[in-house]
Each structure stands twice: as C-alpha cells, then as structure tokens.
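Fold and contact review
Residue strings, one per chain:
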Amino acid sequence: MSDAAVDFDAAHALISQAQRGSRRAVDRLVREHEGWVRGVIYATTGRADLVDDVAQQVWTQVWQRLGSLNDPRRLRAWLYAVARNAAIDASQERRRRGAVGLDFVAEGLGDNGRHGPVRSAVGGELRETLLRAVEALPALYREPFVLRHLEDWSYAEIGGLLGLSVETVETRLVRARRLLREMLQGKVEP
Amino acid sequence: MSDPTHDLERLISRYLDDECTPQQRRELNAWLQRDARAAALFEEHAALDREIKHVLRSTLRRAPERPAVLPLWERTARVFVVAAAACLAIMFWFASPREPASTGTEASAQAGVQSWFATPPNAGDTLVERPEQFNRPVNWVGRPRTEWIVVPSGKPGEYLVIEVNRIPTRSTRVRQDF
C-alpha cells in the first residue's frame with residue numbers, strides 16, 4: 001500500500017472518530033491543522049490580533065458541523081472555506097464597529113502603503129514593521145506568502161488549497177517578495 | 001524577450017522556497033557569481049525572507065499545548081503522587097497531638113466579655129477546652145466526622161454549641177440556635 005493511501009486511511013479514520021464525537025480525535029485534528037488555519041485567518045483579515053478569536057470560532061464551527069463533511073479527502077478545502085468565511089465575517093464585523101484596520105497599517109507604511117516605513121525598525125519595532133508590511137500586501141499575494149512562510153508548504157500544496165495553478169502561486173510569491181522588498185528597503189540587514 | 005531582473009527574482013524566489021531544480025540552482029549560482037548586483041539582491045531577499053518567517057511564526061503560532069490525554073506513565077505518576085500526599089496527610093493526622101477544643105472562655109474573660117456568644121479572638125481557630133471544666137451538664141452529639149458539644153449557659157434558654165469538624169479542618173464554629 002502506498003504512503004498516500006496509508007495517509008488517507010489514517011485521515012479517514014481520524015475524521016470518522018471525530019464525527020462520532022471522539023474528543024481525542026478532534027484534538028488531534030486541531031493540532032494537525034491549526035497552523036495553516038491560523039495562517040489563512042491572518043492572511044484573510046490582515047490582522048494578527050484577530051487570529052485567536054476567529055480561530056476559536058472556526059474550531060467551534062468545525063466541532064458542530066464536522067458531520068456534514070462526507071468526503072474526508074476534502075477536509076482541507078472544507079476547513080479552508082470555514083476559516084476564510086469566519087475571517088471575512090470577523091473583518092466585516094470589525095469594520096462595522098469602526099475599528100482600525102488595514103488603513104491604519106498602511107498609514108504606518110508611508111504615503112500609500114507602498115513606500116518605506118516611516119519609523120525606523122529597531123529591536124521590537126522591526127517585528128512590527130515587518131508585520132505591517134505583510135499586512136499591507138494585497139490579500140491576493142498575502143495568502144500564498146503566509147502559507148509558504150508559516151507552514152513551509154510547497155507550491156503544489158498551496159495551489160491545491162487555494163485552487164490555483166503552481167505557476168500562479170509562484171508568480172504571486174515573486175510579486176509578494178518584490179512588494180515587500182520595496183516597502184522594507186534598508187530596514188533589514190542582509 | 002524576458003526581463004532579466006524578473007527572471008532573477010523568479011529564480012531567487014524558487015530557491016528560497018526550495019522549489020529549484022538542480023539545473024535552476026546551478027543557473028542561479030552562476031548568475032550570483034558573475035553579477036554583484038544580483039548577489040546583493042539575493043542577500044536582500046534571503047534576509048527579508050528569514051526575518052519575516054521568524055516574525056510570522058513567532059506571532060501566529062500558538063505555544064504548544066499539553067495534550068488533552070496524558071500519556072500512561074504521566075497518569076500513573078500523578079496517581080502515585082496523590083496517593084503519597086494522602087498517606088502523608090493521614091500519617092500527620094494520626095501523629096499530631098490531640099488537644100481538646102477550648103471554648104475561648106479564657107480569651108473572653110481576659111477581654112472582660114461575659115456572654116458565651118461574644119466573638120472570641122480568632123474565632124473558628126480556637127481550640128475548645130475540656131467540657132468538664134465548665135462544671136455544667138454537657139451533651140455530646142457525635143458523628144464520624146463531626147461532633148457537637150452542647151453546653152447550657154447560665155441564662156435559661158441559652159446554650160453554647162461547639163461544632164468540631166475533625167477531618168477536614170479541625171476548626172470549631174459556635175452557633176446560637178440548633
């Protein structure tokens with residue numbers, strides 16, 4: 001039996017157990033997928049401070065609706081849809097309440113968010129500057145960029161999740177890097 | 001004709017993402033060796049990538065949580081620790097000297113308070129004296145964990161009730177009604 005078949009059987013068994021209400025199986029499911037789910041939430045909202053709350057909502061929804069997942073092979077796609085929808089809802093809710101969002105992020109980056117950061121990146125500020133730069137990326141580029149850097153996923157894996165070809169993923173990553181380099185010119189020592 | 005900078009950026013990006021073929025790796029290596037600007041661009045991208053990866057991971061990844069189900073050895077160890085603590089507590093209980101509870105009358109007398117029910121200092125922690133010292137009829141109501149000592153006061157209808165909770169706290173409480 002191939003590795004892929006073994007993986008699929010294991011995943012199928014895990015999901016079946018989770019659907020039957022096994023707490024241990026759900027815990028394992030969360031541990032296996034939490035990293036990239038958090039990455040999707042961050043990439044969609046562009047807000048690191050929303051990630052914890054939205055992730056909690058996502059796993060609550062997963063717990064409630066896991067029974068509706070018929071094909072375990074579609075688990076990633078299904079989780080992605082749940083996470084992305086929850087992240088979009090949270091962003092809209094935050095916007096309705098008038099909280100600061102990406103505009104605030106862009107302000108910190110200069111005239112239109114495309115130029116170099118106003119503040120000098122020193123110590124902890126470097127972290128803030130880098131985060132703001134990533135958050136200022138168009139969501140189109142941010143999503144593959146975050147998945148690649150957070151989880152070390154291959155282009156094929158990223159494309160599989162986002163429904164993109166490998167070439168498109170590659171192009172978006174090249175453009176994301178180019179934009180980040182423009183935004184952060186001289187802020188990170190080679 | 002393709003843009004050389006774009007080609008270089010694509011190669012660098014592929015290299016940083018570990019997606020280069022051996023041929024592309026050789027091509028990039030040759031490029032960086034012959035072109036100092038290309039090498040500087042590579043260094044810049046590599047440093048940015050490294051820093052951003054570190055920041056994203058430290059920001060977005062949660063600290064690893066303890067597994068919901070502990071391993072067998074840890075569960076067993078915990079049972080042993082709890083059992084050992086319980087044994088020590090029981091040994092200490094039996095080894096400690098048993099002093100009869102006191103009514104707090106000494107403290108009350110020192111304070112010049114006449115009533116049985118005046119709150120003695122450190123009420124609740126005060127040990128009760130032997131009932132014989134009161135020189136009054138004393139009724140005992142006892143259960144395995146709790147004993148009540150009922151002492152009639154000098155005034156009619158007034159009693160001193162001493163509740164002794166032996167096992168959990170060894171403390172005493174005084175109630176007027178019973």
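Data block above holds the structure.
In this report, we go over the structure that sits alongside the text. Nothing here was measured: the structure is a model prediction, and the numbers come from that model. (Residues numbered from 1 in each chain as written. Chains lettered and ligands numbered in written order. Predicted model: local features only at pLDDT ≥ 70, side-chain atom pairs only at ≥ 80, totals over all residues.)

**Digging into the overall build of chain A**
Looking only at helices and strands, chain A features 9 helices and 0 strands. The secondary structure elements of chain A, listed N-terminal to C-terminal, are α-α-α-α-α-α-α-α-α. (Helix = DSSP H or I, 4+ residues; strand = E, 2+ residues; numbered from the N terminus.)

**Digging into the overall build of chain B**
Each helix and strand in chain B was counted, giving 5 helices and 4 strands. Of the contacts formed within chain B by residues at least 6 apart in sequence, a portion of 37% connects residues at least 24 apart. (Contact = placed C-beta atoms within 7 Å.)

**Some details on the interface of chain A and chain B**
Facing 30 residues of chain A, the contacting portion of chain B comprises 21 residues. Listed by contribution, the elements that provide at least two residues to the side of chain A that touches chain B are α2 (23-45), α6 (124-136), α7 (139-151) and α9 (166-183) of chain A. Along the lines of polarity and charge, the residues of the side of chain A that touches chain B split into 15 nonpolar, 4 polar and 11 charged. (Nonpolar A, V, L, I, M, F, W, Y, C, P; charged D, E, K, R; others polar.)

**Structural notes on α9(A)**
The α-helix winds at 3.6 residues per turn, so residues separated by three or four positions along the chain end up facing the same way. Between its first and last C-alpha, α9(A) extends 26 Å over 18 residues, near the 26 Å set by a 1.5 Å rise per residue. For α9(A), the full list of buried residues reads A:V169, A:E170, A:R172, A:L173, A:A176, A:R177, A:L179, A:L180 and A:M183. (Expected span 1.5 Å × (residues − 1). Buried ≥ 20, exposed ≤ 12 C-beta atoms within 10 Å, placed from the backbone.)

**Overview of the environment of B:L56**
As for its position among the elements, B:L56 is in helix α3 (residues 36-60). Apart from residues lying up to four places away in sequence, B:L56 is in contact with A:V134, A:V146, A:H149 and A:L150.

**Concerning the packing of helix α3 (residues 51-65) of chain A against helix α4 (residues 75-96) of chain A**
Residues and elements named next belong to chain A. Remark: α3 packs on α4, axes separated minimally by 9 Å, with the N-to-C direction vectors making an angle of 135 degrees. Between α3 and α4, the crossing angle belongs to the class labelled oblique. Considering how the two elements wind past one another, α3 and α4 form a crossing that is right-handed. Here D53, V54, Q57, V58, Q61 and V62 of α3 lie close against α4, whose contacting residues are L79, V82, A83, A86, A87 and A90. A breakdown of the residues in the contact of α3 with α4 according to their chemical character gives 9 nonpolar, 2 polar and 1 charged. (Axes fitted to C-alpha atoms, helices over the stretch in contact; angles between N-to-C directions. Parallel < 35°, antiparallel > 145°, perpendicular 65-115°, else oblique. Left-handed = near helix turned anticlockwise from the far one by under 90°.)

**Looking at the pairing of strand β3 (residues 159-165) of chain B**
Residues and elements named next belong to chain B. With 7 bridges joining them, strand β2 (residues 146-152) and β3 adopt antiparallel strand pairing. Note that in β3 the partner of V150 across the bridge is V161. Connecting β2 to the next strand, β3, in antiparallel fashion are 6 residues, including G157 with a positive phi near 80 degrees. (Pairing = 2+ DSSP bridges.)

**Description of the environment of A:V51**
For A:V51, the position within the fold is in helix α3. With 10 residues separating them along the chain, A:V51 and A:I41 place their C-alpha atoms 6.0 Å apart. Residues in contact with A:V51, not counting those within four places in the same chain, are A:R38, A:I41, A:Y42 and B:L60.

**Describing α6(A)**
Between the first and last C-alpha of α6(A) there are 19 Å, a value that for 13 residues agrees with the 18 Å anticipated at 1.5 Å per step. Among all positions in α6(A), only A:T129, A:L130, A:L131, A:R132, A:A133, A:V134, A:E135 and A:A136 are buried.

**Some words on the packing of α2(A) against α3(A)**
The angle between the axes and the distance between the axes are what describe a pair of packed helices. Residues and elements named next belong to chain A. Where α2 contacts α3, the axes come no closer than 9 Å and their chain directions differ by 130 degrees. Comparing their axes, α3 and α2 come out oblique. The handedness of the crossing between α2 and α3 is right-handed. Mapping the contact onto sequence places V26, V30, V37, R38, I41, Y42 and T45 in α2 and V51, V54, A55, V58, W59 and W63 in α3. Here the residues of the contact of α2 with α3 sort into 11 nonpolar, 1 polar and 1 charged.

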